[in-house]
Amino acid sequence: MIRKMFLMLLLSLASAGSAAAQHIALGERIPEFRSATWLDGHEPQQAPLTWIVFFHSANPACRTSLERLGPLRALSGELMQAVIVVCEENASTESLLRPLLSDRTAVALDPERKIFAAFGVNYVPYGVLADARNRALWQGNALRLDNSIIEQHVTR
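Fair warning: this is a prediction, and the values are worked out from it, not measured in the lab. (Residues numbered from 1 in each chain as written. Predicted model: local features only at pLDDT ≥ 70, side-chain atom pairs only at ≥ 80, totals over all residues. Heavy atoms only, no water.)

Visitor: An account of the sheet that holds strand S5 (residues 126-131) is needed here, citing residue identities and associated values.
Guide: Taken in spatial order, the 6 strands make up an open sheet running S1-S4-S3-S2-S5-S6, and their pairing is mixed. For this open sheet the edge positions go to strand S1 (37-38) and strand S6 (136-141), each flanked by a neighbour on one side alone. Against the sheet, helix H2 (residues 60-76) contacts strand S2 (49-55), strand S3 (80-86) and strand S4 (105-109), and its axis sits at roughly 165° relative to S3. (Pairing = 2+ DSSP bridges. Helix = DSSP H or I, 4+ residues; strand = E, 2+ residues; numbered from the N terminus. Contact = heavy atoms within 4.5 Å. Axes fitted to C-alpha atoms, helices over the stretch in contact; angles between N-to-C directions.)

Structure (C-alpha coordinates):
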(Lines give C-alpha, C1' and ligand atoms only; values in the text may rest on other atoms or scores of the structure.)
Protein backbone atom coordinates (compact mmCIF):
# COMPACT_ATOMS: atom_id res chain seq x y z
CA MET A 1 0.00 0.00 0.00
CA ILE A 2 2.77 2.45 0.91
CA ARG A 3 4.62 1.51 -2.25
CA LYS A 4 1.56 2.30 -4.39
CA MET A 5 1.11 5.66 -2.68
CA PHE A 6 4.79 6.45 -3.21
CA LEU A 7 4.51 5.61 -6.92
CA MET A 8 1.39 7.77 -7.27
CA LEU A 9 3.16 10.67 -5.56
CA LEU A 10 6.19 10.22 -7.79
CA LEU A 11 4.03 10.19 -10.95
CA SER A 12 2.13 13.30 -9.89
CA LEU A 13 5.39 15.16 -9.20
CA ALA A 14 6.78 14.11 -12.58
CA SER A 15 3.69 15.30 -14.44
CA ALA A 16 3.63 18.59 -12.52
CA GLY A 17 7.21 19.26 -13.55
CA SER A 18 6.53 18.61 -17.22
CA ALA A 19 3.43 20.82 -17.20
CA ALA A 20 5.54 23.78 -16.10
CA ALA A 21 8.44 22.93 -18.38
CA GLN A 22 7.92 25.84 -20.78
CA HIS A 23 9.40 29.02 -19.33
CA ILE A 24 7.73 31.81 -21.32
CA ALA A 25 6.05 34.31 -19.00
CA LEU A 26 3.02 36.14 -20.32
CA GLY A 27 3.70 39.84 -20.72
CA GLU A 28 7.47 39.31 -20.84
CA ARG A 29 9.66 39.61 -23.94
CA ILE A 30 10.20 36.41 -25.87
CA PRO A 31 13.60 35.26 -27.15
CA GLU A 32 14.75 36.59 -30.52
CA PHE A 33 15.42 34.47 -33.60
CA ARG A 34 19.08 35.38 -33.95
CA SER A 35 20.22 31.84 -34.73
CA ALA A 36 17.44 31.14 -37.22
CA THR A 37 18.11 30.07 -40.76
CA TRP A 38 15.03 30.79 -42.83
CA LEU A 39 13.73 28.18 -45.28
CA ASP A 40 14.50 29.47 -48.79
CA GLY A 41 15.78 32.69 -47.16
CA HIS A 42 12.15 33.74 -46.65
CA GLU A 43 11.41 35.88 -43.56
CA PRO A 44 7.84 36.95 -42.77
CA GLN A 45 6.70 40.56 -43.11
CA GLN A 46 6.09 42.37 -39.85
CA ALA A 47 2.61 42.31 -38.32
CA PRO A 48 1.03 43.39 -35.02
CA LEU A 49 0.88 39.75 -33.86
CA THR A 50 3.30 36.87 -34.33
CA TRP A 51 2.22 33.26 -33.99
CA ILE A 52 5.23 31.03 -33.30
CA VAL A 53 4.55 27.33 -33.58
CA PHE A 54 7.13 24.65 -32.77
CA PHE A 55 6.88 21.67 -35.11
CA HIS A 56 8.20 18.15 -35.60
CA SER A 57 7.06 16.11 -38.61
CA ALA A 58 6.81 12.83 -36.67
CA ASN A 59 4.11 14.25 -34.40
CA PRO A 60 0.55 13.90 -35.81
CA ALA A 61 -0.70 16.75 -33.60
CA CYS A 62 1.92 19.04 -35.18
CA ARG A 63 0.60 18.19 -38.62
CA THR A 64 -2.92 19.03 -37.42
CA SER A 65 -1.65 22.36 -36.06
CA LEU A 66 -0.26 23.15 -39.53
CA GLU A 67 -3.63 22.35 -41.12
CA ARG A 68 -5.20 24.91 -38.78
CA LEU A 69 -2.53 27.52 -39.51
CA GLY A 70 -3.87 28.50 -42.94
CA PRO A 71 -7.42 29.29 -41.80
CA LEU A 72 -6.14 31.16 -38.72
CA ARG A 73 -3.81 33.25 -40.88
CA ALA A 74 -6.58 33.90 -43.42
CA LEU A 75 -8.99 35.11 -40.73
CA SER A 76 -6.40 37.41 -39.19
CA GLY A 77 -5.30 38.90 -42.53
CA GLU A 78 -2.40 41.31 -42.15
CA LEU A 79 -2.77 41.38 -38.36
CA MET A 80 -0.71 38.24 -37.81
CA GLN A 81 2.48 36.69 -39.13
CA ALA A 82 3.33 33.05 -38.46
CA VAL A 83 6.72 31.49 -37.81
CA ILE A 84 7.02 27.71 -37.84
CA VAL A 85 10.12 26.56 -35.95
CA VAL A 86 11.41 23.14 -36.92
CA CYS A 87 14.41 21.32 -35.46
CA GLU A 88 14.63 18.83 -38.31
CA GLU A 89 16.70 19.62 -41.34
CA ASN A 90 15.82 17.24 -44.12
CA ALA A 91 14.35 17.46 -47.59
CA SER A 92 11.05 15.74 -46.75
CA THR A 93 10.28 18.12 -43.88
CA GLU A 94 11.27 21.13 -45.95
CA SER A 95 9.07 19.99 -48.85
CA LEU A 96 6.17 19.55 -46.39
CA LEU A 97 6.63 23.10 -45.06
CA ARG A 98 7.58 24.93 -48.27
CA PRO A 99 3.94 25.24 -49.55
CA LEU A 100 3.09 27.16 -46.36
CA LEU A 101 5.53 29.98 -47.15
CA SER A 102 3.86 33.32 -47.86
CA ASP A 103 4.32 37.02 -47.15
CA ARG A 104 3.19 36.41 -43.58
CA THR A 105 4.36 32.83 -42.98
CA ALA A 106 7.96 31.66 -42.67
CA VAL A 107 9.84 28.59 -41.48
CA ALA A 108 12.78 28.95 -39.11
CA LEU A 109 15.18 26.01 -39.35
CA ASP A 110 16.64 25.20 -35.94
CA PRO A 111 18.70 21.98 -36.31
CA GLU A 112 20.85 22.83 -33.28
CA ARG A 113 17.68 23.42 -31.23
CA LYS A 114 18.84 26.86 -30.07
CA ILE A 115 15.41 28.42 -30.55
CA PHE A 116 13.71 25.43 -28.94
CA ALA A 117 16.08 25.81 -25.95
CA ALA A 118 15.63 29.58 -25.73
CA PHE A 119 11.85 29.11 -25.45
CA GLY A 120 12.25 26.09 -23.15
CA VAL A 121 10.23 23.88 -25.48
CA ASN A 122 9.87 20.34 -24.19
CA TYR A 123 6.77 19.23 -26.07
CA VAL A 124 5.17 19.89 -29.44
CA PRO A 125 2.95 21.25 -30.80
CA TYR A 126 3.71 24.27 -28.67
CA GLY A 127 3.00 27.84 -29.64
CA VAL A 128 3.46 31.40 -28.48
CA LEU A 129 1.43 34.40 -29.58
CA ALA A 130 3.43 37.63 -29.29
CA ASP A 131 2.72 41.30 -29.94
CA ALA A 132 4.73 43.72 -32.07
CA ARG A 133 7.03 44.46 -29.12
CA ASN A 134 7.83 40.72 -28.78
CA ARG A 135 5.89 40.29 -25.55
CA ALA A 136 4.17 36.95 -24.97
CA LEU A 137 0.39 37.27 -25.03
CA TRP A 138 -0.57 33.58 -25.02
CA GLN A 139 1.30 30.28 -24.91
CA GLY A 140 0.46 26.60 -24.81
CA ASN A 141 -0.60 23.69 -26.97
CA ALA A 142 -0.68 25.02 -30.53
CA LEU A 143 -3.95 23.16 -31.19
CA ARG A 144 -5.72 25.35 -28.62
CA LEU A 145 -5.11 28.68 -30.34
CA ASP A 146 -8.26 29.80 -32.12
CA ASN A 147 -9.63 32.94 -33.69
CA SER A 148 -11.31 34.09 -30.45
CA ILE A 149 -7.92 34.18 -28.68
CA ILE A 150 -6.41 36.13 -31.58
CA GLU A 151 -9.33 38.59 -31.57
CA GLN A 152 -8.90 39.19 -27.81
CA HIS A 153 -5.37 40.42 -28.40
CA VAL A 154 -6.08 42.40 -31.57
CA THR A 155 -8.67 44.56 -29.81
CA ARG A 156 -6.28 45.54 -26.96
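Here the narrative resumes.
Visitor: Run through the layout of surface pockets, naming residues and quoting values.
Guide: In this model, the largest pocket occupies a volume close to 320 Å³. The wall of the largest pocket is formed by 16 residues, among which Phe33, Trp38, Gln46, Gln81 and Asn134 lie closest to the centre. When its residues are assigned to classes, the lining of the largest pocket shows 8 nonpolar, 4 polar and 4 charged. (1 Å grid on protein atoms, 1.4 Å probe; cavity = no way out; pocket = protein on both sides within 12 Å on 5 of 7 lines; lining within 4 Å. Points joined across faces, edges and corners; volume = space filled by probe spheres on them. Nonpolar A, V, L, I, M, F, W, Y, C, P; charged D, E, K, R; others polar.)

Visitor: An account of the pairing of S6 is requested, with residue identities and associated values reported.
Guide: Examined bridge by bridge, S5 and S6 share 5 bridges and lie antiparallel to one another. Across the sheet, the residue bridging to Tyr126 is Asn141, located in S6. In sequence, S5 turns back onto S6 through a hairpin of 4 residues, with Asn134 there showing a positive phi of about 60°.

Visitor: Go over the nonpolar core, please, and point to the residues and values.
Guide: Core analysis: the largest hydrophobic core is formed by 23 residues, its most contacted members being Trp51, Ile84, Leu97, Leu129 and Leu145. In contact with Trp51, not counting residues within four places along its chain, are Leu69, Met80, Gln81, Ala82, Val83, Gly127, Val128, Leu129, Trp138, Ala142 and Leu145. By size, the runner-up hydrophobic cluster in this structure holds 20 residues, among which are Ile52, Phe54, Cys87 and Ala106. (Core = buried A, V, L, I, M, F, W, Y, C linked by side-chain atoms within 4.5 Å. Buried < 20%, exposed > 50% of the residue type's maximum accessible area, 1.4 Å probe, protein only.)

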